[in-house]
Amino acid sequence: MAGIFVSIPYLHGVKDSEVLVVGGGLAGLTAALDLAGKGKQVTVVEKKEYPRHKVCGEYVSNEVRPYLDYLGVDLDSMRLPEINRFQLSTKNGKLVEVKLPLGGFGISRYTFDNLLYQTAKAKGVHFLFGTVTNIQCNANDFVVELASKAKLKAKVVLGAYGKRSKLDVAMGRRDLEQKSPWVGIKCHYKGYNHPENVVALHNFPGGYAGISKVENEIVNLCYLVQEEQFRKISNIERFNREVLGQNRFLKDFIARARPVFGKPMSIAQISFDVKSQVENHIVMCGDTAGMIHPLCGNGMAMAIHSAKIASAEVERFLNGVHKTRKSMELGYQKQWRKEFGKRLWMGRRLQALMMHTKWFNLGMDTVARSKLVLESLIKNTHGSPIIN
Ligand SMILES: Cc1cc2nc3c(=O)[nH]c(=O)nc-3n(C[C@H](O)[C@H](O)[C@H](O)COP(=O)(O)OP(=O)(O)OC[C@H]3O[C@@H](n4cnc5c(N)ncnc54)[C@H](O)[C@@H]3O)c2cc1C
C-alpha cells in the first residue's frame, strides 16, 4: 500500500523544512546546530532516543574544539579529561609514548550526543524519532519516507546516518551481501587508575584496544578485532581474558578494572569502503560520506568537520549564492576531498596493513620502536584546528 502523505504540521508540529537531516549522530546534530544558527529551518530524523551509549573510543581531537565553542556547545563547564599523550604497545609488551601535537578530550557518546541534541533543540531544531526508509529527489525538493509510512518534504537533505545503515541498501549504495570483517566492542569501567591525559592503544592478536578516560572518572575500553578471530571464542569475557590478556597492559587492566555496564556493547560489519559524498543530490556527512579507520582516532572530528563544510555550502545554496544545486554539490565535494582526502588515504593504507596479521605485527613493532614514525603517522591522519 502506498504511504499516506502526511502534512508535516501533523507530525508533532514539525513544518516543511528547508533542511532535513537524516541521522542525529555527531555529524547530523552538528550540521543541524550550525544551520539553525544561520537562521534555517531544520528537522532531524533520528531512529534512537537520547541519551544512548555507542561503540566508540570516545577520544575527540581538539581539531573541532573551536568550532564547537562557536556553535555554543558548552564543554568547558564539564571538566573533561584533557588528553595530550599517546601510548602504543605491541602484544609483546613493548611500549612507546609520544606527545599528541593537537591533543583532544575524553567524553562518552552518551553525554556528547545528548549535549549536542539539547543544544540543537534549544536553538530551534525540530526532532522526529523514527527510521528513514527511503529518500526520493524530485525536481526541486525531496520526499523522505519513514518506517511509519509518514512522508516529509524538504528542500535540502543531508545524509548523516552513519557507517552502515539499511538506507544505503534501499538507495542502491551498498549491496546487502557485502560483508566487512571487523567487530567493535566497548565497555566503561571504574576503579582503574588510568592517567587522565593519556590515550593508550594496545595491540593483541587480531586487533587493538584503546583505553582512555571520559567524564566522571570513567575509563573506556574499546576494541576492534577481526571477526574471524573473535568468532573462535565468541564470548566477550573469555575473549578479553584469553586474547586481550596476551598483552600485559590489557591483562593488568582486565584484572583490576570494574565494569560499569551490565554487559559490554558490540557492533559488527564495520565498513571502511570508499563512498560518494553526494548521491542522488543528498549531501552526505560524517561516516556516511567516508569513514576513517578508528586506529586514527579521528572519525568524530572528521564527522563534525564535514558537517561544518556541508552547512556552509547548504547556506550558500539556500541564500542563492550557489545558483544551482549542482554548484553546491561540487563545492562540497571539492572542500571535502581537500580536507579529508589525504587522511582517508592514509587510513586505508593502515587498514590494508591490518588485514595481514604478519605485516601488521611487524608494522606495529616498527612503529613502537620509533617515535618519529609514530609522530609522522599521527600528523598525517589528523587535521588542524577549524577556524571559523
Ligand atoms: C570501534 C570504534 C572506535 C572508534 N573510536 C573513535 C575515537 O576514539 N575517536 C574518534 O574520533 N572516532 C572514533 N570512531 C569513529 C566514530 O565513532 C565515527 O566516525 C563517528 O561516530 C561518526 O559520526 P556520524 O555522525 O557520521 O555517525 P553516527 O555517530 O554513527 O550517527 C549516525 C546516526 O544515524 C542514525 N541512523 C542510522 N540509520 C538511520 C535511519 N535509517 N533513520 C534515522 N536515523 C538513522 C543512528 O541511530 C545514529 O544516531 C570509532 C569507531 C569505531 C567503530
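Residues numbered from 1 in each chain as written. Predicted model: local features only at pLDDT ≥ 70, side-chain atom pairs only at ≥ 80, totals over all residues. Heavy atoms only, no water.

Novice: Describe the pattern of salt bridges, and please don't skip the residues or the numbers.
Specialist: Under the definition given, this model contains 19 salt bridges. Notably, a salt bridge pairs D113 with R109, separated by 2.8 Å at the nearest N-O pair. Of the two residues, D113 and R109 both sit in helix 3 (residues 109-122), 4 residues apart, roughly one turn of that helix. In terms of burial, D113 and R109 fall into one category: buried. Put simply, K149 and E145 hold a salt bridge, and the shortest N to O gap is 3.9 Å. Connected via shared salt-bridge partners are E46, R52, R109 and D113. (Salt bridge = Lys/Arg side-chain N within 4 Å of Asp/Glu carboxyl O. Helix = DSSP H or I, 4+ residues; strand = E, 2+ residues; numbered from the N terminus. Buried < 20%, exposed > 50% of the residue type's maximum accessible area, 1.4 Å probe, protein only.)

Novice: Kindly report on the domain arrangement of the protein, identifying the contributing residues and their values.
Specialist: Assigned domains within the protein: domain 1 (8-58 + 108-175 + 271-352) and domain 2 (70-102 + 179-270 + 355-388). The C-alpha centroid of domain 2 is placed 27 Å from the C-alpha centroid of domain 1. Summing both partners gives a buried area of about 3100 Å² for domain 1 against domain 2, and 65% of it is carried by carbon and sulfur. Put simply, domain 1 and domain 2 have 1 salt bridge between them. For K186, the salt bridge goes to E58, with nearest N and O atoms at 2.4 Å. Applying the counting criterion to the domain 1 and domain 2 interface returns 10 residue pairs in polar contact (both at pLDDT 80 or more). (Domains from an automatic or database assignment. Buried area = accessible area lost by both parts, 1.4 Å probe. Polar contact = N/O pair within 3.5 Å; in protein donor to acceptor, adjacent residues only side chain to side chain.)

Novice: Help me get a handle on the packing of helix 1 (residues 26-37) against helix 3, residues and values and all.
Specialist: Here helix 1 crosses helix 3 at 25°, and the two axes come no closer than 9 Å. Between helix 1 and helix 3, the angle is such that the two are roughly parallel. Helix 3 is crossed by helix 1, and the crossing has left-handed handedness. Contacts from L26, L29, T30 and L33 in helix 1 reach R109, F112, D113, L116, Y117, T119 and A120 in helix 3. Tallied by class, residues from the contact of helix 1 with helix 3 come to 7 nonpolar, 2 polar and 2 charged. (Axes fitted to C-alpha atoms, helices over the stretch in contact; angles between N-to-C directions. Parallel < 35°, antiparallel > 145°, perpendicular 65-115°, else oblique. Left-handed = near helix turned anticlockwise from the far one by under 90°. Contact = heavy atoms within 4.5 Å. Nonpolar A, V, L, I, M, F, W, Y, C, P; charged D, E, K, R; others polar.)

Novice: Describe the site of the ligand, naming the residues involved and giving the relevant values.
Specialist: Among the 35 residues in the neighbourhood of the ligand, the closest are listed as E46, G57, R109, D287 and M300. Backbone polar atom of K47 to a nitrogen atom of the ligand: 3.3 Å apart, as the coordinates give it. Residue S165 places a side-chain N or O atom 3.1 Å away from a nitrogen atom belonging to the ligand. In the complex, the protein chains occlude 96% of the 1000 Å² of accessible area that the ligand would expose alone. For the shell around the ligand, the secondary structure elements donating two or more residues are helix 1, strand 2 (42-46), strand 13 (219-226) and helix 8 (299-318). Of the residues forming the shell around the ligand, the biggest block, 3 residues, is contributed by helix 8. Of the residues in the shell around the ligand, the class split is 16 nonpolar, 12 polar and 7 charged. Two domains each provide a minimum of three residues to the shell around the ligand, namely domain 1 (8-58 + 108-175 + 271-352) and domain 2 (70-102 + 179-270 + 355-388). (Near = heavy atom within 4 Å. Areas by Shrake-Rupley, 256 points an atom, 1.4 Å probe, with all protein chains shown as cover.)

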